[in-house]
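Examining the three-dimensional arrangement
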Amino acid sequence: MTIFFDAKIEIIELNKYQERPGFSDKYHLVKFLLNSDGINSFEVKIWVHYNYPEAEIIKVARTFLNRRLQDFVELTSEDIYTPDEVDALWQSFNN
């Protein structure tokens, strides 16, 4: 079974030069909100190292987010998860 949902991704917060737990360097924290029909909306936090140019923070964060979403799709498209398990994975995606 393959499930597809339309989704809207929006940036809801950008915090520059933040302390990231477990790391000594500073990071930019970009928070996205994923809205979709069929599954509950949720936030995704993406950490971008401060060495990336400030003009590229959003582009890099979207690239990292895209990879996470692709990994999620690959993981859940193997027909080994029930719809409830897929929803639980979706909800825990940001943890």
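Residues numbered from 1 in each chain as written. Predicted model: local features only at pLDDT ≥ 70, side-chain atom pairs only at ≥ 80, totals over all residues. Heavy atoms only, no water.

Quick word on the overall build of the chain
Scanning the chain from terminus to terminus reveals two helices and three strands. Seen in sequence order, the chain has helices and strands lined up from the N terminus as β-β-β-α-α. Taking all 95 residues of the chain together, 26% fall into the buried category. Accessible surface for the chain amounts to roughly 6,400 Å². Of this, 50% is attributable to carbon and sulfur atoms. (Helix = DSSP H or I, 4+ residues; strand = E, 2+ residues; numbered from the N terminus. Buried < 20%, exposed > 50% of the residue type's maximum accessible area, 1.4 Å probe, protein only. Areas by Shrake-Rupley, 256 points an atom, 1.4 Å probe, with all protein chains shown as cover.)

Looking at the environment of Lys16
Its place among the elements puts Lys16 in strand β1 (residues 7–19). When the C-alpha atoms of Lys16 and Tyr27 are compared, they prove to be 6.7 Å apart, with 11 residues separating the residues in sequence. Ignoring anything within four residues of it in the chain, the contact list for Lys16 reads Tyr27, His28, Glu54 and Ile57. Polar side-chain contacts of Lys16 include one of 2.8 Å to the side chain of Glu54. (Contact = heavy atoms within 4.5 Å. Polar contact = N/O pair within 3.5 Å; in protein donor to acceptor, adjacent residues only side chain to side chain.)

Details of the confidence of the model for the chain
Close inspection of predicted coordinates is inappropriate for parts of the model with low pLDDT. For the chain, the mean per-residue pLDDT works out to 85, and 88% of the residues sit at or above 70. Per-element averaging of pLDDT across the chain places helix α2 (residues 83–91) at the bottom with 76 and β1 at the top with 93. (pLDDT = per-residue confidence, 0-100.)

Brief notes about the environment of His49
Here His49 lies in strand β3 (residues 39–49). Contacts of His49, omitting those with residues within four sequence positions, involve Asp25, Lys26, Tyr27 and His28. One polar contact links the side chain of His49 to the main-chain amide nitrogen of Asn51, over a distance of 3.0 Å.

Digging into the pairing of β1
With 10 bridges joining them, β1 and strand β2 (residues 26–36) adopt antiparallel strand pairing. If you follow Glu19 over to β2, its bridge partner there is Lys26. With antiparallel pairing between neighbouring strands as the criterion, β1 and β2 make up a hairpin whose turn holds six residues, including Gly22 at a positive phi of roughly 90°. (Pairing = 2+ DSSP bridges.)

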